[in-house]
Every structure is written in C-alpha cells, then in structure tokens.
Amino acid sequence: MMSVNKIETTESTAAKPPSIFKQALTVNRKPFPWVKAFSAGVAAALPVLIGLLVGNLEYGLIAGMGGFTYLYVFNIPYAQRAKKLFFVVLGMTLVTALGTIAAPYPLVVSILMGLIGAVAIFIFGALKMIGPSAIFFVLVFSMTTGMQVQPELVLLRAGLVFVGGALSWLIAMMGWFIEPHGPETSVVKRVFLGLADFLDSVGTEVFHEERHRVMSVLKEAEETLAAGYISWREDDFFKRLYVLNDHANVIFIYILEHFSKKSAALPREVGEAVREIAYSMDRKKKEVIPKKILQPNDIDQSVINLFSAIFDADAVMNEPSTKIEEVIQISKPSLRTILLGAFDKNSIVFISAIRFGVITMIAAIFAYQAELARSYWVPLSCVAVMSGATLVATFHRAIQRGLGTLLGIVIASLILATNPTGYMIIFFIFLLTFITELFIVKNYGLAALFFTPNALLMAESTSQGSFSFSYFASARMIDVGIGIAIGLIGVWLVGRKSASSLLPYVITKTIRSQAQCLFVLFTDQGTGFHAPDSRELMKMRTNLFHVQTLYSTASGEIPVNQQVVAYYWPVLFSIEQLAFLLEKCSKNANRPILSDQHLAQLLFVFENMANAANRKRAPSIKIIPEIQQYPSIQKETIRLQKSLNQKAGLVASI
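Being a predicted model, the structure only gives us computed values, none of them experimental. (Residues numbered from 1 in each chain as written. Predicted model: local features only at pLDDT ≥ 70, side-chain atom pairs only at ≥ 80, totals over all residues. Heavy atoms only, no water.)

What follows covers the overall build of the protein. Check the secondary structure of the protein and you find 25 helices and 0 strands. Counting the 654 residues in the protein, one finds 54% classified as buried. Sequence-distant contacts, at least 24 apart, represent 82% of the contacts inside the protein between residues at least 6 apart. A total accessible area of about 29,500 Å² is found for the protein, and carbon and sulfur atoms account for 61% of it. (Helix = DSSP H or I, 4+ residues; strand = E, 2+ residues; numbered from the N terminus. Buried < 20%, exposed > 50% of the residue type's maximum accessible area, 1.4 Å probe, protein only. Contact = heavy atoms within 4.5 Å. Areas by Shrake-Rupley, 256 points an atom, 1.4 Å probe, with all protein chains shown as cover.)

The following block contains the structure:
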C-alpha cells in the first residue's frame, strides 16, 4: 500500500526539494536487526568453516556463496519462508551450474546474466516478494564465471552451493521451533493497535489518514495469514488469529458505516478496549492480569453495538477451541494467475524486467569486449544501481554504491594486507556479513562499505589469475564506475517517464474492473459461484497492484510533475478504499441483488469515470444509487467521482 503521508510529502517537497546527494546519504532510524545480522554472518561463514575442517577451504568458499540465501530472509510466515528460500536455493544452484558451463563463452555469459536478472526482477515484482531480488543471483553467477574454467566441475560446484543454501534454510527456519506463528501474531497485533488509533481519531482531522493506515495493515494481515495457512495442518492458535482478523474487519467496517461523519470523539474506553486485545496476543504477558475496560454509561446505541463487537473479538483469545466454529476460508490467486497478470505489455513489473535485462546485457557485453580485469564487476555494479525502485532511488544507489565501494576498497586493502588464511578468512567473512546486514536497513551505502571487502575477499579466493591486489582494487574501481554509468544512462533513457505515461490507462482499467466486480457481486450468479475466487475479483487485484506500483514509480521520476502526483493521490486513495470494501463484500454470501435500474446506473457511473480518466478529463457528476447493507461502497464511489473531478486538467500535462 502507498504511504498515507505521500500527499503531504509531495506538497512539502514541491517548495524546496532536498538534493539527491543529501537524500542518498540520509541514515534512517530503523532499529538494528541484531539477530538477523548474526544469523546471516553464521550462514555465510559456517560452510567455509566446514570446508576448512574437512581440509578444502576452496570448496567451503564455493559453498559459502549458497549462504547468500539467508539474505532473502524477512519477517514472513514460516510456511511461506520455507517455500521462498527453497526456490532461492534452487535458483542459486542453477546459476552456479550455468556460470560454470558458460564461463568459456563471454557472449553467452552476457546474455545469461541479463536473462537471470530479468527473470529474478519479474518474479520478485509479480509475487510482491521483499528482498534483494536479482542482485545475489547475478553475483553468484558472476563469481562462478570468474573461477577457473572447468565445466567438468559443474555438478560439484552446484552441489556445494546447494549445501551452503540448505544450511541457510535450516538456520532461517530455526525460529519456527520457538514461535511458529510469530509473523502472523505480529501483524494481527498491529491490526488491533491500528484500530485503536483509528477509533481515537474519530471526529478529528487525522481520521482519513488513520483510516488508510488501518486498511493497509488489514490488507497486509490478510495476505500474511493466507501465506501462513497450511491446509493439511489444523492449528488452534492460527485459527484464533484468523478469526480475530475477521472480527477486526467487522469492527473497521462498522466504524466506517456509523462514525465517518461524526464530529465528536468516541469515549476513550473504546480505543483502550481494542488495545487490550492487541496486548493479550503477546504470549509473554499471559500471566499478567488483563486490564478491565468498563463500558461507559452515557453512550448511544451505535457505541453500545461497537463495544459488543469488541467484546466478541476479545472472547476469541479466551474461549475453548471447540467454541470457535468459524471455518478458515483462504482465498488467494494461483501462481499461474499472478504471473500471467504481470506478463502484460502495460505492466510496470514486466517493463522493468525487460529494461533490467537488456541494460545488464549491454553492460556485460561492453565489459567482456573491452577485456577488463574483472569484467563481471561492470554488470554487477549496473545491477546494484538499477535495483532502486524508482529513478530517484537509482541515483541514490549510484551515489551510495560509488562512495561505499571507494571506502570499502580501503577496508579490503587493510584486510588483505594481513594475508589472511584459514580461520582469519572465516572470521572476516562472518564479521563483514554481520555488519553489512546490520547497516543495510540504515543506508545502502553503509552496507556497501562492508559488502565490498567481503566480496573482494571471496572473489580473490575463488577466482582465477594472479593479479596483485593493488591492480585488482584499482581495476574494480574502474569497473564499478563504468557499471554505475551504464546503469544510470540506461535507466534515464529507457524509463524516466514510462510510469507516469501509463497511469491514466491503468487507472481506467482498474475502475472498469471494479465495475465488473460490482456486477458479479450484486447479481444472481447461480449456485456454486464463489465470489472471492472469481475472475473479476482476481482481475481487480491485479490491476490494483499495477496502479499502486505505477504511482510509486511515477513519484520517483526525474523530473517529477508534483501537481500531477498530488492530483492522483486522492484518486488512488479512493480506488484502494473501494477495492478493500468490494473484497470484504465478496466474503458475504448474503449480498443483496440490485434491480436492473440501479445496476445499470452504477455501471454507467463507473464507465463515465473510466472514460474520463482515460481521456484525462473531469467526469460529469452522476447520481449513485444506494446499495442496501453497503452504504460505504456508495460513499466511496461518490468520493472517487469527486476526486477525478477535482483539478482534472492537471493530468493533461502528463
């Protein structure tokens, strides 16, 4: 979901935008991930240590490349983490095999490098997976091509990387034994804390901001629970979390229906009662006596009903499992549907993957044709720079990569000057990986500062040739500079306005897909129809993802039209809100059937809005019929119509 502060940021930066250089050097305030950093260091160093103990350090270093698998670990459900990391291990193994076989043929290496990068970017983008995406697949492939040309060792090298990746998989899954549903518990807890803040915001100016924030975390919770669900394994605690999240959705919708236009604040006890539910999910506080929240005496019926819904949610954590009769119904699109949805000429994910692959190929071909000392550092630096989500982020990466590499080579010089061997190499690999993961959340440049000597240490130990380190270091500086330049030029020429130019068209598609959802939800589709799994809902989800990604990318273009970005924010806000409400409506089997007249009017309104968005014009204001039981859908459609109508002339400048 987009940040609720996007519009504020846009307006504030329009007057005095901070320099790109200053933004690139900004260190954020995220906490240090101590456990993850330590585990990453262990995952990288352990295979090397095992190799040393069995008498073959080189094999250990090759297996250590599989340790990069741990860098794809994030706070996602263990069921999803297990699958994701398994395929990362397979991917690392495959690129190692390809690198070993293709090493004698520079042109083949260049083409494969681009293909590997493009495929990784596409898959990570389409599946919305967080992580370093293509960079470590390209790195492992590149380092393999830099080893001694021995195609006959393809199975050995691939097997070693697989073993190293398998060790990372085991380390990443150890938390399951301690708290098997930790990520799911965390996100549902955040849902109730967000709901409490939302309740506190009723009658205040921040109501709509809190509304969007809660909607975002509700969507995140739904996706997290879907990812953590295992159909063949009954789990009482997971079921409670699922039911709790359903109650949270009921409370959220009730607030929208009854308190959206309320000018006075709700009793503070309402928010406190919801917070107590969040705190009760923390297992460490089970022995603590829960704080009793008493219902105020002087309240109207709507607030009484709200308290009733809150108390029903609170009972979920305390009732016996036999009383929880709700059946878990997880609805999520198939892998095929997701990938085919992203495989579209207007999909920014597909466009970015093609751009990424082509520019990487060009960088690799140039490097090999120029016969540079370590040719693969050119496309590798190009890949690192292009990993920025937007053009602005790409420039940030270029600055961070350049400065980080320059200072990192100084650190590497000091390390390699000691001629480390055996246990010292292992120690430095652990230490540098640990520090890299510690600082990656703060600033990419700080991470590059320590990743550079780590990569140099491993590359020198596994690559062929006998260059002196001073020659190798100076050559790498040249390679990095060339790679950064190619990446920046390529992204600037190919992608600087691609996102903003597609926004009107994709918004049009999204609005029309929402009209199709309305049609199937409020008409009789016969027996056996399951709305959450319908093609119409799947199509709306795909289009919504495309338009969110496009907006984020357009916001980072250079130059960025701040007025246009500000115009589209309320439009996308309403589209997201409407999509959320339609999703919730699809789960109710007792939806009303609209009359032909009301349905025709609704479809006419949506087509009118879609046509206006496509032509970049203000739609004429139409009457929107009431939908029984779902007044919030009517209100959000009115808001979307007004959002498209306001300042619509600005979009003509795109």
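Between helix α9 (residues 182–200) and helix α12 (residues 268–280), the least distance of the axes is 8 Å, while the angle of their chain directions is 170°. The pairing of α9 with α12 is recorded here as roughly antiparallel in orientation. On α12, the residues touching K189, F192, L193, L195, A196, D197, L199 and D200 of α9 are V270, G271, V274, R275, I277, A278 and Y279. Looking at side-chain class alone, the contact of α9 with α12 contains 10 nonpolar, 1 polar and 4 charged residues. (Axes fitted to C-alpha atoms, helices over the stretch in contact; angles between N-to-C directions. Parallel < 35°, antiparallel > 145°, perpendicular 65-115°, else oblique. Nonpolar A, V, L, I, M, F, W, Y, C, P; charged D, E, K, R; others polar.)

Attention now goes to helix α15 (residues 348–369). Residues three or four positions apart in an α-helix share a direction because the helix packs 3.6 residues into each turn. End to end, α15 covers 31 Å across 22 residues, agreeing with the expected 32 Å (1.5 Å per residue, within 8%). Looking one or two places after α15, you find E371, whose phi comes out positive at around 55°. (Expected span 1.5 Å × (residues − 1).)

Moving on to the nonpolar core. Side chains that are nonpolar tend, in soluble globular proteins, to be buried together. With 176 residues, the main nonpolar core has F192, L195, I255, L306, I507 and I633 as its most contacted residues. Here this core takes 14 residues from helix α23 (residues 562–586), the largest share from any one element. With near-sequence residues (within four places) excluded, I633 lies in contact with L518, F522, L578, L581, L582, C585 and I627. Membership of the second largest hydrophobic core comes to 5 residues, among which are V385, A398, V480 and I484. (Core = buried A, V, L, I, M, F, W, Y, C linked by side-chain atoms within 4.5 Å.)

Mapped onto the secondary structure, Q548 falls in helix α22 (residues 535–555). Relative accessible area serves as the criterion here: at 14%, Q548 is assigned to the buried category. There is a polar contact of 2.7 Å between the side chain of Q548 and the side chain of E576. (Polar contact = N/O pair within 3.5 Å; in protein donor to acceptor, adjacent residues only side chain to side chain.)

This paragraph deals with the pattern of salt bridges. One pass over the structure, following the stated rule, counts 15 salt bridges. Here R213 ties to E210 by a salt bridge, and the two come within 3.0 Å at their closest N and O atoms. Here E210 and R213 lie together in helix α10 (residues 207–228), a separation of 3 residues that amounts to about one turn. Linking E636 and R639 is a salt bridge whose minimum nitrogen-to-oxygen distance equals 2.9 Å. A residue pair is termed a helical-turn pair when its members lie 3 or 4 positions apart in one helix, as E636 and R639 do in helix α25 (residues 631–645) at 3 residues. R639 gets classed as partly exposed once you look at its relative accessible area, which sits at 29%. Within the structure, one salt-bridge network assembled from shared partners comprises D197, D200 and R275. (Salt bridge = Lys/Arg side-chain N within 4 Å of Asp/Glu carboxyl O.)

Here the distance between the centres and the angle between the planes together describe a pair of aromatic rings. What the rule picks out here adds up to 26 aromatic pairs. Put simply, the rings of F32, W34, F38, F430, F434, F439 and F450 pair up and form one aromatic cluster. In this arrangement the basic side chain of K36 is found over the ring face of F74, its NZ or CZ atom lying 3.8 Å from the centre. Directly above the aromatic system of F32 lies the positively charged group of K442, at a separation of 4.7 Å from the ring centroid. (Phe/Tyr/Trp six-rings, centres within 6.5 Å; stacked < 30°, edge-to-face > 60°. Lys NZ or Arg CZ within 6 Å of the ring centre and 35° of its normal.)

The next thing to look at is helix α16 (residues 377–386). Burial within α16 is extensive, with 10 of its 10 residues counted as buried. Along α16, the positions that sit buried rather than exposed are W377, V378, P379, L380, S381, C382, V383, A384, V385 and M386.

With that settled, consider the environment of Y70. For Y70, the location among the structural elements is in the loop between α4 (57–66) and α5 (78–102). Y70 sits in the buried class, given a relative accessible area of 6%. Placed 102 residues apart in sequence, Y70 and A172 show a C-alpha to C-alpha distance of 6.7 Å. Apart from the residues within four sequence positions on either side, Y70 is in contact with K36, S39, A40, A43, S168, I171 and A172.

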